[in-house]
Amino acid sequence: MDVTFLGTASAQPSNTRNHSSLALRTDGDVWLFDCGEATQHQLIRLNGDPKTLAVRDPMDPNAASKDIVPPKMSRVSAVFLTHLHGDHCFGLPGFLCTAGSVVRIGEERDPIHVYGPQGTKSYVRGVLDATQSRIGRGIVIHEMLLPSHLSHTDDHELVAKLSVARPPHIDELEGSDFFASSFTTADSMNPADWYWTIITGNEQGKSGASRLTVQASSIPHTVPTVGYFITEPQIPGRLRADQITPILQRNKAALGLRNPMILLSKIKNGETLTMPDGTVLVPSEFTEPARRGRRVLILGDTSNAEDSGLVKLVDELKKHDGTSNSNAEECGVDLVIHEATNACLTSDIATGLTPDSVESTTIEHGHSTPQMAARFARRVGAGRLVLNHFSSRYKGDADQASLLVMEEVRQLAVDVFGNDRVVCARDFMNVGVPSK
């Protein structure tokens, strides 16, 4: 599992940062989170010259020796929008037209699924209809809906007006909308009490994406916005073949098998075997303990992610694990990707600004600082934090001056997070999410 950042800018792109988008890849399957302007260009550019453009994982000591394999546009099966501000979704129509044009003759349609808050259908259908665009693969659009008593509060009012009943696009296949569930009561007025389960992973699934569960919750911003929580099921323990092999080999003749190692698959599938010499091979006695699956939090724009259902979703998993009081790094989330639009740097302080004044202004605009991102990551027990969605003031190239500025931004988060496992994302940076 890994994440490739395709765009790391906030409202305005620059010559070093594209509009927001990132690709989560599991065993080759690719999901996009947000699809800002020129996302498809970024995928095309990266696949065209990965050796030059790709930015290796700065926290992976073995990154330099690994082959660079960018995510493929043809493998994108779903796009998850955090919200409908243009810098997060203006690239979606063009992406759908290009990625959706690949139709394999003789195969079933493999539609691209689009998930987003209320208003997503109106937006996608409106643009595709107005431009008379076709999506050969087909599309399925899913909206995450809050209960009626919340959907007409101030921050949802405009979206509710825009969500007019548009007929489905000609290439749109029928899909399901998702209605929020409550952590507390059905009449709660607090958006943090509500969440969606939009994909339920299949533990027996063979491909990476089919095993993943995706949940979402509203996070505070200036328009309806969600953060996504991606979890992998428990990973079965490895079979200790080195302990079983001698037993199988000494019973080889009595078993009448040329290759007794073929019995390993039966033990791996949970079958207890009794050997001719009386040895009983019980699978649980020759299997390492199961490992916790990987967990990733991907946030949209937010002014206070700690006041969201994402925290409660993580806490629920901790209870399920029985690790509520354990070391945070051992029981929380492997990777948190959180915006850090503005920061109070040394140069800002020289002009009379203070960390408090910068944070106050940033919150007023619906965004976060590095320290706010770090507080959230620490609260959910993140093993690693990647800062994303930077103001155009913060360049994303490899120039030494740019790197020094971003290191100062990173250090602001490190001081609050409590350890050095913080990275400032750059376009085309790849970050791995290794198994436990």
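Before any of the text, the structure's been laid out above.
What counts, and at which threshold
Residues numbered from 1 in each chain as written. Predicted model: local features only at pLDDT ≥ 70, side-chain atom pairs only at ≥ 80, totals over all residues. Heavy atoms only, no water. Phe/Tyr/Trp six-rings, centres within 6.5 Å; stacked < 30°, edge-to-face > 60°. Helix = DSSP H or I, 4+ residues; strand = E, 2+ residues; numbered from the N terminus. Buried < 20%, exposed > 50% of the residue type's maximum accessible area, 1.4 Å probe, protein only. Pairing = 2+ DSSP bridges. Contact = heavy atoms within 4.5 Å. Axes fitted to C-alpha atoms, helices over the stretch in contact; angles between N-to-C directions. Right-handed = clockwise from strand over helix to strand, strands pointing away.

Peer 1: How should I be thinking about the packing of aromatic side chains in this particular structure?
Peer 2: Two descriptors summarise a pair of aromatic rings, namely the distance from one centre to the other and the angle between the planes of the rings. This model, assessed by the stated rule, comprises seven aromatic pairs. Ring plane angle 35° and centroid distance 6.3 Å describe the contact between Tyr115 and Phe178, whose orientation is recorded as tilted. Here Phe178 lies in strand S7 (residues 178-179) and Tyr115 lies in strand S5 (residues 112-117), a separation of 63 residues in the sequence. Residue classification places Phe178 among the buried positions, given a relative accessible area of 17%.

Peer 1: When you look at the sheet that holds strand S15 (residues 335-339) in this model, what are you seeing that I'm missing?
Peer 2: Working definition: the strands of a sheet are paired by backbone hydrogen bonds and lie parallel or antiparallel to each other. One open sheet accounts for eight strands, arranged S8-S9-S10-S11-S14-S15-S16-S17; its pairing is mixed. For this open sheet the edge positions go to strand S8 (181-182) and strand S17 (422-424), each flanked by a neighbour on one side alone. Where strand S9 (residues 194-199) lies against strand S10 (residues 213-218), three bridges are found, and the strand directions are antiparallel. Bridge pairing links Thr197 to Gln215 in S10. Sitting on the sheet, helix H11 (residues 309-321) is in contact with S9, S10, strand S11 (226-231) and strand S14 (295-298), with an inclination near 20° to S11.

Peer 1: What is the right way to read the pairing of strand S16 (residues 385-388) from this model?
Peer 2: Each regular strand displays side chains that alternate between the two surfaces of the sheet. Side-chain alternation along S16 places Leu385 and Leu387 on one buried face and Val386 and Asn388 on a second face that is also buried. Where S15 meets S16, four bridges bridge the pair, whose relative direction is parallel. Note that in S16 the partner of Val336 across the bridge is Leu385. Two strands pair when backbone bridges link them, and S16 and S17 are joined in this way by three bridges, in the parallel orientation. Opposite Leu387, over in S17, you have Cys424 as the bridge partner. A crossover connection joins S16 to the parallel S17 through helix H16 (residues 400-417); in handedness this β-α-β unit is right-handed.

Peer 1: I tried to follow unusual backbone geometry on my own but got confused; where do I start?
Peer 2: The bulk of non-glycine residues show a negative phi, and the bulk of peptide bonds are trans. Although it is not a glycine, Asp27 adopts a positive phi angle of roughly 50°. Here Asp27 lies in the loop between strand S2 (21-26) and strand S3 (29-33). For Asp27, a relative accessible area of 59% corresponds to the exposed category. Even without being glycine, Ala38 reaches a positive phi, approximately 75°.

Peer 1: In this structure, what is going on with the sheet that holds strand S18 (residues 430-432)? I would like to understand it.
Peer 2: Spatial strand order, S7-S6-S5-S4-S3-S2-S1-S18: eight strands in an open sheet with mixed pairing. The sheet is open, and its two borders are formed by S7 and S18, each paired with just one other strand. Summarising the sheet, S5 and strand S6 (residues 139-145) pair through six bridges and their orientation is parallel. Opposite Pro117, over in S6, you have Met144 as the bridge partner. Set on the sheet, helix H1 (residues 39-48) makes contact with strand S1 (2-7), S2 and S3; between it and S1 the angle comes to about 120°. Its contacts with the sheet put helix H4 (residues 92-99) on S3, strand S4 (76-80), S5 and S6, and the angle it makes with S5 is roughly 165°.

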